[in-house]
Amino acid sequence: MADLFVALPPTTAFNAVIFGKNSNRPRSEIQDVLQIPAADYAEGEKVKCTYIEVDQVPHTHAVILSKPAWMWGAEMGANEKGVAVGNVPVWTRLNGPADVKPKLLGTDIVRLALERASSAREAVDVVSSLIVSPGQGGSSTEEPGKEGWCFHNSFLIADSTEAWVLETAGNLWAAERIEGGVRNVSAELSLRTKLDLTHPNLIEEAKKLKLYADDKGPFDFRAVFCAHQQGKDTPDNHSDRYRNGKELMEAVIAKDKFTYQNMFKILRNEDKGICMMDRGFITAGSHVSVLLPSSCPSPSVHWFTATPTPSTSIYKPFFFGPGAEIGTITQSPPAKAENGEKEKGHTLYRGHKKLIELMNTHEDKAIGVLEHLKELEKKCTEDVDEIINTYQEASFPKLRQIFQHMATMEINFYL
């Protein structure tokens, strides 16, 4: 389960492309935020993903990732070139027992795309080539007894000029370029007949599988491959979850420009189910990228909670640039600590857990702490808005540790 959102000019503040995702994962899972530097590799080197190795490329870009602590791949993230990528699970008519075979997880593909692509369009090529070979597969959880939790993937890919939705069914894929306005993706296929790029044999393969024939009219990706009818009694044939996200975004642009603060608010929405709480699955991490146009001197800014449930968390900003670092405050320790006891998450996660426990025992006090945290976030957004509007390269040193600084201040509220 997950929700992806994007807003594009001319509907956005700063004329930016604004990307957002809530990563909804098993409650027991912990999500880290990691910064990985750019690197160069020798010919013939391999990279070990969650289950399998693939050929490494000569150069990988610097990335910031929000990822389940146990896996190599990432639920979402951004790179130094201003590309943001996230995935959601989808179930298609091509799902089957073979999906358990270890290949690339959708999260592995997200990370590989960020490490390798300099633009959204390049990321489309990276993702689509990996979907074809070696393909997607393997369990998406480490929880005992749930090894069969496997699925196909949809991806939202964005940079400062455009966005793409790329959806898959097995090794087949299609992509739509989003040219403006707003778009959301939930855990269901959403591409219909507007397919700007596709697997070269998409229609022929669908015919071989007896899922499509020419007399059925225009090729409709969702109608052909969707595993089951979602929202079949609704006019648009979509689930409530998808329609709720769409309505939240459209309500914003009906009144004003879409801001990244609006994206925070949508990702925190519990009533519409966007922020998942108190279930077997929760929103384990949340991410918003403000991908600024080339005409803006400021670097793009990437916000992460690094803690569960954005409604009880705050977003912290990161800017790529010389000497930028987030430290290890959002990085989980090894599976076993030196004393042999299994640690439960990174420092910020453990601090945030105290807030959640306080909610259950002294709700009034917890609400007071949360109000102070939200005020801290509000002040930070005001500072970031000013930075974007008045940015000068000489001021970057002040931004190098802004994420780490905010996370440390947040922890102080949990002590």
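Following the criterion strictly, the structure yields 20 salt bridges and no others. Residues Arg177 and Glu162 are paired through a salt bridge, measuring 2.5 Å at the closest nitrogen-oxygen approach. Here Arg177 is found in strand β13 (residues 172-178), whereas its partner Glu162 is found in the loop between β11 (152-158) and β12 (163-169), with 15 residues between them in sequence. Under the relative-accessibility criterion, Arg177 is labelled partly exposed at 30%.

Turning our attention to helix α1 (residues 106-116). Residue pairs spaced three or four apart in an α-helix point in one direction, given the helix's 3.6 residues per turn. Taken across its eleven residues, α1 has eleven buried, putting it largely inside the fold. Of the positions making up α1, those classed as buried are Gly106, Thr107, Asp108, Ile109, Val110, Arg111, Leu112, Ala113, Leu114, Glu115 and Arg116.

Before going further, it helps to examine the packing of aromatic side chains. Taken as a whole and assessed by the stated rule, the structure comprises eleven aromatic pairs. Aromatic pair Trp91 and Phe151: ring centres 5.6 Å apart, planes at 65°, arrangement edge-to-face. Within this pair, whereas Trp91 is found in the loop between β10 (84-90) and α1, its partner Phe151 is found in the loop between α2 (120-132) and β11, the two being separated by 60 residues in sequence. Owing to a relative accessible area of 10%, Phe151 belongs among the buried residues under this scheme. Seen from their ring centres, Phe264 and Tyr315 are 4.1 Å apart, and the 5° between their planes marks the pair as stacked. Separated by 51 residues along the polypeptide, Phe264 in helix α6 (residues 260-267) and Tyr315 in the loop between β17 (301-304) and β18 (316-319) bring together distant segments of the chain. Note on Phe264: relative accessible area 3%, which makes it buried. In textbook terms, an aromatic cluster arises when at least three aromatic residues are bridged by ring pairs, as seen for Trp91, Trp149, Phe151 and Phe281. For Arg111, the ring lying beneath its charged end belongs to Trp72, and the centroid distance is 4.1 Å. Above the ring of Trp164, the side-chain terminus of Arg121 is found at 5.8 Å from the ring centroid.

Reading the values: rules and limits
- Residues numbered from 1 in each chain as written.
- Predicted model: local features only at pLDDT ≥ 70, side-chain atom pairs only at ≥ 80, totals over all residues.
- Heavy atoms only, no water.
- Salt bridge = Lys/Arg side-chain N within 4 Å of Asp/Glu carboxyl O.
- Helix = DSSP H or I, 4+ residues; strand = E, 2+ residues; numbered from the N terminus.
- Buried < 20%, exposed > 50% of the residue type's maximum accessible area, 1.4 Å probe, protein only.
- Phe/Tyr/Trp six-rings, centres within 6.5 Å; stacked < 30°, edge-to-face > 60°.
- Lys NZ or Arg CZ within 6 Å of the ring centre and 35° of its normal.

Functional significance is not addressed by these values, which are geometric in nature.
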